[in-house]
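Examining the three-dimensional arrangement
Read off the chains here:
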Amino acid sequence: MNERSAFAIPGILVIFGALGLTAFTVYRDPQLIPAMAVPAAILGIVVIKGIAVVSPNEALVLTFFGKYSGSVVENGFWWVNPFAGRQKISLKIANFQSEQLKVNDAHGNPIEIAAVIVWRVVDSAKATFAVENCNNFVRLQGETALRHLSNLFPYEPHAPGEIALRSHPAEVASQLRAELAERTSVAGIEVLEAQLSHLAYSPEIAQAMLRRQQAQAVLAARQIIVDGAISMVEMALRKLETDGIVQLDSASKSTMVNNLLVTLVSENHIQPVLSTASMKG
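The rules behind these values
Residues numbered from 1 in each chain as written. Predicted model: local features only at pLDDT ≥ 70, side-chain atom pairs only at ≥ 80, totals over all residues. Heavy atoms only, no water. Phe/Tyr/Trp six-rings, centres within 6.5 Å; stacked < 30°, edge-to-face > 60°. Buried < 20%, exposed > 50% of the residue type's maximum accessible area, 1.4 Å probe, protein only. Helix = DSSP H or I, 4+ residues; strand = E, 2+ residues; numbered from the N terminus. Contact = heavy atoms within 4.5 Å. Pairing = 2+ DSSP bridges. Axes fitted to C-alpha atoms, helices over the stretch in contact; angles between N-to-C directions.

Per the stated rule, a full pass over the model turns up 3 aromatic pairs. Ring centres of phenylalanine 64 and phenylalanine 65 lie 4.4 Å apart, and the angle between their planes is 65°; on these two criteria the pair is classed as edge-to-face. Residue classification places phenylalanine 65 among the exposed residues on the basis of a relative accessible area of 75%. Seen from their ring centres, tyrosine 155 and tyrosine 201 are 4.0 Å apart, and the 35° between their planes marks the pair as tilted. Here tyrosine 155 is found in the loop between α4 (134-152) and α5 (169-184), whereas its partner tyrosine 201 is found in strand β10 (residues 189-201), with 46 residues between them in sequence. Given a relative accessible area of 8%, tyrosine 155 falls into the buried group.

What follows is the structure, encoded as structure tokens:
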């Protein structure tokens, strides 16, 4: 069932038309006034019963004898089928923040995750008749999609180029939005945005994971320091040999490399010891 336009006439035209018809009849034959009391009352009830006001970003869904008649989505003062059932539904942009869910990521680590979802109704017929309550439906589907998403990706990357919840927020948000849009399309819902609003390890493993992250950071920093120190030592040896400043044998090179690496890599201040002995070439 898809949305379609319902029969609707501008309400002001119907009111003026009914008043004009009554006035014209009375003008043509004033003696009909007593006889017109009942028909005029019935006509007035029908006119008033069919009046409907549709506010901006609102849809009026009409049903007639249990069948969908159509929707009035243009705001204004309208006259519709007076015997049709009516239900108003909001077309405004809505948003909600899901509860913090405790789930497992792709590697089985318990995490806490939540998201902010922005959505709106684009098909009033589906939103009214396909689901019991579109607001509850979007909330439930949002939590379901969020749980499924957390099982697809790890909390943090463990391999180069691996998409993770913490390191790739744009990709994760795009995946969440696409999955949620697919789940809610049956209800005539358009998902405008879906972003993670909370992401953390569960308290029981948070400290252990923090120590792990700190160890990885220290290891990465030490690797950069060692690579830089080796490059500097290599450059120094090459410079000495190229400029012919001194010729070093294997033992001297080994000693020099050791001293330079200790000086460059050590975290503590190194106290140099000067040797007065001549270096043999």
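Let's pick the thread back up.
On to the side chain of serine 98. Along the chain, the position of serine 98 falls in the loop between β7 (94-97) and β8 (101-104). Setting aside anything within four residues of it in sequence, one finds serine 98 in contact with Ala114, Ala115, Glu143 and Leu146.

Our next topic: the pairing of strand β9 (residues 110-121). Within a regular strand, the side chains alternate between the two sheet faces. Of all 12 residues in β9, 9 are buried, a share of seventy percent or more. The hairpin formed by β8 and β9 contains 5 residues between the paired strands, and glycine 108 there has a positive phi angle of roughly 85°.

Moving on to the sheet that holds strand β5 (residues 76-79). Strand pairing in a sheet takes place through backbone hydrogen bonds and is either antiparallel or parallel in direction. Spatially, β1-β5-β2 is the arrangement adopted by the 3 strands of the open sheet, whose pairing is antiparallel. Among the strands making up the open sheet, the edge pair consists of β1 (9-10) and β2 (51-54). Here β1 pairs with β5 via 2 bridges, running antiparallel. Within β5, the residue paired with isoleucine 9 across the bridge is tryptophan 79. Docked against the sheet, helix α2 (residues 37-50) engages β2 and β5, running at close to 15° with respect to β2.

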